[in-house]
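Chain residues, written in single-letter form:
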Amino acid sequence: MRKHYLIEVVDNDQMVVFCPSAILRDAQIKCIAFGSKSVEVDFLQHPDNEETIVMSRRIQKAIQLPSFKVPLHAFIDNQILTIGPLVGIFTAGFTTDPFLPMGDRTTFFAKLLSVNKTVGALPFVFGEQHINWEHGTIEGYFYHQHSWETVDVPFPNVIYDRLPNRRSEGNPKLIMVRDRLQKEYLIPWYNPGFFNKLDIYERLQQDTSVTSYLPETFPFISFSIIEIMLSKYGHIFIKPKNGSLGLGVHQIIYDKLTDDYYIRYQDREGTNRLRKFSTIEKLFNSVFANQPLENMIVQQGIHLLRNEQRSIDFRVHTNKDEFGKWHMTAIAAKIAGPGSVTTHTRSGGEIKTLEEIFSKEECNLYTEKLSTAALTLSSALDQVIEGIIGEIGFDLGIDRNGEVWLFEANSKPGRSIFSHPELEEFDLLTRKLSIAFAVFLTEQSLLHPEELFK
């Protein structure tokens, strides 16, 4: 079990660090480090045998350690004692409002940073404009005693990518920052990049442990693909490759008795629509006029479990912990809104716990099935996706035969399910583990960098 140590700063200029005996027992230590800053000091055993690390104000300034009373981990390698981890959370969209520095996402970041004491890490938020490349420092946003403070700190041990959207992810300036911090400074960078639906499907198809979870999926290339899949499944979904929040999802249903085609979708005004056409060509010419169909995928329709005649799917979160192991950290049912093609709340969907809609026996069965699927898929994605993944949000379905299906995997999962009052503890757990994973990455980068930077 890793230990956290409180850091005590005393008002003198001595270049001496007093440590618990457990830290000094097995190593000859010559330097103390915080983030990218280190300084040579003398190490002595704490005179009162207390479980704290004591340093002078002079050492604190030299390594740019903020004056926050947060217990931190101690890592020893190559005669250096590293205290931390210092975790940089990289994002965009900062404002000039001191109370809402990240705009609408400020509350999310405040809650994320508030896990620091229980995790034993010091997280902060920053953007590309806060980096001083010449001095190797960052003006970081820290959440302390219910308010935001900016403090200049060294480059962090690890960086957690929380860019808000695909547009910011594709910004050349932000790509340069990521590449430079990863390649020049060898800082582990986790959860980079939004997933592409078709790319994820094609990669997972190579892993036989998860192919049973994958609905048949193709890029849109012709009407014949749609006709074949409609005759096979009765209904299909057409989705943008890079969509999110259920935007742009269409369900097409073929009625064999009348030879008619129905399409269900949400229009630009946010109204759920159901329309009928006599041919697939007329349907596309009307609904998909001026839309780039080459950016769409066609996916097998699934006859899902239902609640009061409304389809149910499930959001399942997985996170890696401080030892790099995957856990299922949250699960919720999402019930489609009346007439909606998706279960998103913006389309009238409802969030429920499994206990609210299933019997105890069903609840246990479905929880086990969804957890197994999510953990198996997480391990598979770990193998086929470039970069370091620390969390995933899955949209999974269960059909009327009890089979589990993957609809979507999200590298930066939304958190709307945590608005449900009975999911607060899962909200906390997902936040804790998303920062705790930085402890594992810090240790790996110090002791086994070859594993991270293959």
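Residues numbered from 1 in each chain as written. Predicted model: local features only at pLDDT ≥ 70, side-chain atom pairs only at ≥ 80, totals over all residues. Heavy atoms only, no water.

S.K.: When you look at the overall build of the protein in this model, what are you seeing that I'm missing?
M.R.: Each helix and strand counted, the protein has 13 helices and 27 strands in total. Overall size of the protein, expressed as C-alpha extent along the three principal axes, is 90 × 50 × 40 Å. Each of the 454 residues in the protein was classed as buried or not, and the buried ones make up 53%. Sequence-distant contacts, at least 24 apart, represent 66% of the contacts inside the protein between residues at least 6 apart. Considering the protein, the positive charge centre built from 47 side chains and the negative charge centre built from 57 side chains are found 4 Å apart. (Helix = DSSP H or I, 4+ residues; strand = E, 2+ residues; numbered from the N terminus. Buried < 20%, exposed > 50% of the residue type's maximum accessible area, 1.4 Å probe, protein only. Contact = heavy atoms within 4.5 Å. Lys, Arg positive; Asp, Glu negative; His and termini not counted. Charge placed at Lys NZ, Arg CZ, Asp CG, Glu CD.)

S.K.: Hey, could you run me through unusual backbone geometry in this one?
M.R.: It is generally the case that most residues other than glycine have a negative phi and that most peptide bonds are trans. A cis geometry characterises the amide bond from G84 onward to P85, with omega recorded as 5°. Note on placement: P85 falls in the loop between strand 8 (80-84) and strand 9 (86-90). Although it is not a glycine, Q64 sits at a positive phi angle of roughly 55°. Mapped onto the secondary structure, Q64 falls in the loop between helix 2 (57-63) and strand 7 (72-77). Residues other than glycine seldom take positive phi values, yet Q309 does so here, at roughly 70°. Positionally, Q309 belongs in the loop between strand 22 (306-307) and strand 23 (310-320).

S.K.: Mind showing me how you'd approach the pattern of salt bridges here?
M.R.: In a structure, side chains of opposite charge can pair up when their charged atoms sit close to one another. Using the criterion set out here, one finds 21 salt bridges in the structure. Here E386 and R203 are joined by a salt bridge, their closest N and O atoms 3.3 Å apart. Within this pair, whereas E386 is found in the loop between helix 11 (360-384) and strand 26 (391-398), its partner R203 is found in helix 7 (residues 197-204), the two being separated by 183 residues in sequence. (Salt bridge = Lys/Arg side-chain N within 4 Å of Asp/Glu carboxyl O.)

S.K.: In this structure, what is going on with the packing of aromatic side chains? I would like to understand it.
M.R.: Two measures describe an aromatic ring pair: the distance that separates the ring centres and the angle between the ring planes. Evaluation of the coordinates by the stated rule reveals 21 aromatic pairs. Taking 5.2 Å as the distance between ring centres and 65° as the angle between the ring planes, the aromatic pair formed by F90 and W189 counts as edge-to-face. Residue F90 is found in strand 9, and its partner W189 is found in strand 15 (residues 189-190); the two are separated by 99 residues along the sequence. W189 sits in the buried class, given a relative accessible area of 1%. Each member of the aromatic cluster is reached from another via a ring pair, and the members are F68, F90, F124, F126, F142 and W189. It is R180 that lies over the ring of W133; its NZ or CZ is 4.1 Å from the centre. The ring of F194 carries the charged tip of K412 above its face, separated from the ring centre by 4.7 Å. (Phe/Tyr/Trp six-rings, centres within 6.5 Å; stacked < 30°, edge-to-face > 60°. Lys NZ or Arg CZ within 6 Å of the ring centre and 35° of its normal.)

S.K.: Could you clarify how one ought to interpret the environment of E40 in this entry?
M.R.: For E40, the position within the fold is in strand 4 (residues 37-40). Overall, the relative accessible area of 60% leaves E40 in the exposed class. Ignoring sequence-local partners within four residues, the contact set of E40 consists of M15, K30 and C31.

S.K.: Is there a simple way to think about the nonpolar core in this case?
M.R.: A general feature of soluble globular proteins is that nonpolar side chains tend to end up buried together. Grouped together as the largest cluster of nonpolar side chains are 40 residues, with contacts concentrated most on V17, I32, M55 and I83. L214, L305, A373 and I385 belong to the second-largest nonpolar core, a separate cluster that totals 35 residues. (Core = buried A, V, L, I, M, F, W, Y, C linked by side-chain atoms within 4.5 Å.)

S.K.: Is there a simple way to explain the sheet that holds strand 16 (residues 217-219) in this structure?
M.R.: What holds strands together in a sheet is hydrogen bonding between their backbones, with the strands either parallel or antiparallel. The sheet built from six strands is open, its strands ordered 16-21-17-18-19-20 with antiparallel pairing. Since the sheet does not close on itself, it has two edges, and those belong to strand 16 and strand 20 (272-277), each with one partner. Taken over all neighbouring pairs, the strand axes of this sheet differ in orientation by 20° on average, direction set aside. By the bridge criterion, five bridges tie strand 17 (residues 235-240) to strand 21 (residues 296-300) in an arrangement that is antiparallel. Directly across from I236, in strand 21, lies its bridge partner Q300. (Pairing = 2+ DSSP bridges. Axes fitted to C-alpha atoms, helices over the stretch in contact; angles between N-to-C directions.)

S.K.: Just checking my understanding: could you explain the packing of helix 8 (residues 223-233) against helix 9 (residues 280-287) for this structure?
M.R.: A pair of packed helices is characterised by two quantities: the angle between their axes and the separation of those axes. Between helix 8 and helix 9, whose axes approach to 11 Å, the crossing angle comes to 120°. In terms of their interaxial angle, helix 8 and helix 9 are classed as oblique. The handedness of the crossing between helix 8 and helix 9 is right-handed. Facing F223, I226, E227 and L230 of helix 8, the residues of helix 9 in contact are I280, E281 and F284. When the residues that make up the contact of helix 8 with helix 9 are grouped by side-chain class, the tally is five nonpolar, no polar and two charged. (Parallel < 35°, antiparallel > 145°, perpendicular 65-115°, else oblique. Left-handed = near helix turned anticlockwise from the far one by under 90°. Nonpolar A, V, L, I, M, F, W, Y, C, P; charged D, E, K, R; others polar.)

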